[in-house]
Amino acid sequence: MTELMGPEELEAALRAIGAARYHNRHPFHALLHGGKLTKGQVRAWALNRYYYQSIIPQKDAAILSRMTDRDIRRSWRQRIIDHDGDETYDGGIERWLRLTDILDFDRDYVISGAGLLPGTRFAVEAYLHFVRDRSLLEAIASSLTELFAPTIINERVTGMLASYDFVSRDALSYFDKRLTQAPRDANFAIEYVKREARLPLQQQAVLKALEFKCDVLWAQLDALYHAYVAPGHVPPGAFRPEEASS
């Protein structure tokens, strides 16, 4: 029988999952951050990653709808504004579209999802279903990949600016905001999880939820690597970098 962990033990176990399974360890990211991809491959990454970005506020709205505590709802709804924007802030989705603009995509094409890899679609939608179907505790725990985001953001921005003359600081402006937003969100979620996971089974469910989210992120990169790096099997209907128009 699994023993109950103390709050700090639980946090240490969660951080160990990130150290072993977070997608900064994926070979596609090593290529992206190291300047080893072609412009077409970077375009494929930005296009597919947009779908993940676009689903985040839907995911957060699904979680928000299940919260009965008003103070917790107030804290969580900021995540939706961060991505959707409001009258004073353009939001993360708009900032990601600036990147796809600079990479020569038509916005309607990006937003339509017409060129997505099936693996991207399945992984992202599996995440949305997870937060809708599992307990609120598990849904919040699945967001804890934010604990590890600042490291990968620093690697990405530094590496891409140094390696690719077709991207600029403005093109990567999405990540500037995430350097402060992600730690804020992660701190809220980790304290919630440590407080609310009071039973061994709940703690195990929390750990599994974070593993699942790491798998979601990893699966997206697997799809990109398989289609655009090796062996290079682009599925029917998916974006092809060699095509002149998109």
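You'll find the structure just up there.
Residues numbered from 1 in each chain as written. Predicted model: local features only at pLDDT ≥ 70, side-chain atom pairs only at ≥ 80, totals over all residues. Heavy atoms only, no water.

Student: Tell me about the overall build of the chain, and please be specific about residues and values.
Tutor: On a plain count of helices and strands, the chain comes out with 11 helices and zero strands. The order of helices and strands in the chain, counted from the N terminus, is α-α-α-α-α-α-α-α-α-α-α. In terms of overall dimensions, the chain is globule-like: its C-alpha atoms have a radius of gyration of 18 Å, near the 18 Å expected for 246 residues. With the principal axes as the frame, the chain shows a C-alpha extent of 55 × 40 × 35 Å. Sorting the 246 residues of the chain into buried and exposed places 52% on the buried side. (Helix = DSSP H or I, 4+ residues; strand = E, 2+ residues; numbered from the N terminus. Rg over C-alpha atoms; globule rule 2.2 N^0.38 Å. Buried < 20%, exposed > 50% of the residue type's maximum accessible area, 1.4 Å probe, protein only.)

Student: Can you tell me about the packing of aromatic side chains, naming the residues and giving the values?
Tutor: This model, assessed by the stated rule, comprises 11 aromatic pairs. Relative to Phe148, the ring of Tyr22 lies with its centre 5.5 Å away and its plane at 55°, an arrangement referred to as tilted. Within this pair, whereas Tyr22 is found in the loop between α1 (7–21) and α2 (27–33), its partner Phe148 is found in the loop between α8 (136–142) and α9 (149–163), the two being separated by 126 residues in sequence. Under the relative-accessibility criterion, Phe148 is labelled buried at 12%. Grouped by ring-pair contacts, the aromatic residues Trp45, Trp96, Tyr174 and Phe175 constitute a single cluster. The ring of Phe105 carries Arg43 above its face, with NZ or CZ at 4.2 Å from the centroid. Just above the ring of Trp76 sits the side chain of Arg79; from NZ or CZ to the centre is 3.7 Å. (Phe/Tyr/Trp six-rings, centres within 6.5 Å; stacked < 30°, edge-to-face > 60°. Lys NZ or Arg CZ within 6 Å of the ring centre and 35° of its normal.)

Student: Tell me what's going on with helix α3 (residues 39–64), and back it up with residues and numbers.
Tutor: Under the 1.5 Å per step criterion, the end-to-end length of α3 is 38 Å for 26 residues, consistent within 8% with the ideal 38 Å. A bend of about 30° at Ile56 is the largest found in α3, and the proline Pro57 appears one to four places after it. Where burial is concerned, most of α3 is hidden: 23 out of the 26 residues are buried. (Expected span 1.5 Å × (residues − 1). Bend = angle between axes of the 7 residues up to and from the residue.)

Student: An account of unusual backbone geometry is needed here, citing residue identities and associated values.
Tutor: Going from Ala230 to Pro231, the amide bond is cis rather than trans, its omega being 5°. Despite not being glycine, Asp104 has its phi angle at roughly 70°, a positive value. Mapped onto the elements of the fold, Asp104 is located in the loop between α5 (92–102) and α6 (107–112). Using a relative accessible area of 49% as the deciding quantity, one classes Asp104 as partly exposed.

Student: Residue-level account of the pattern of salt bridges, with values.
Tutor: Taken as a whole and judged by the stated rule, the model has 23 salt bridges. The partner of Arg178 in a salt bridge is Glu146, with the nearest N and O atoms 2.7 Å apart. Taken together, the residues span a long stretch of sequence, with Arg178 in helix α10 (residues 173–196) and Glu146 in the loop between α8 and α9 at a distance of 32 residues. No difference in accessibility class separates Arg178 from Glu146, as the two residues are buried. Asp176 is the partner of Arg169 in a salt bridge, and the nearest nitrogen-oxygen pair spans 3.5 Å. The class for Arg169 is partly exposed, based on a relative accessible area of 47%. (Salt bridge = Lys/Arg side-chain N within 4 Å of Asp/Glu carboxyl O.)

Student: Got a sec to walk through the environment of Ile190? Specific residues and values, please.
Tutor: When you line up the elements, Ile190 lands in helix α10. Those residues in contact with Ile190, other than ones at most four positions away along the chain, are Glu11, Leu14, Leu144 and Leu147. (Contact = heavy atoms within 4.5 Å.)

Student: An account of helix α7 (residues 118–133) is requested, with residue identities and associated values reported.
Tutor: Three- or four-residue spacings in an α-helix give side chains the same orientation, since the helix completes a turn every 3.6 residues. Taking 1.5 Å per residue as the helical rise, α7 with its 16 residues ought to reach 22 Å, and the 22 Å between its terminal C-alpha atoms agrees with that figure. Restricting attention to buried positions, one finds in α7 the residues Thr120, Ala123, Val124, Tyr127, Leu128, Phe130 and Val131. In a view along the axis of α7, the buried residues occupy a sector of 155°, so they form one face of it. Counted as exposed and oriented over 90 degrees from the buried face of α7: Phe122 and Asp133. Contacts made by the buried residues of α7 are with α3, α8 and α11 (200–228). (Arc of directions from axis to C-beta.)

Student: Break down the side chain of Arg49 for me, with residues and values.
Tutor: As for its position among the elements, Arg49 is in helix α3. Despite its burial, Arg49 remains without a salt bridge, the nearest opposite charge being carried by Glu146 at 8.1 Å. Within the local environment of Arg49, its side chain forms a polar contact with the side chain of Gln53, the two groups lying 2.5 Å apart. Every residue in contact with Arg49, bar those within four places of it in the chain, is listed here: Trp96 and Arg156. (Lys, Arg positive; Asp, Glu negative; His and termini not counted. Polar contact = N/O pair within 3.5 Å; in protein donor to acceptor, adjacent residues only side chain to side chain.)

So yeah, pure geometry; function would need other evidence.
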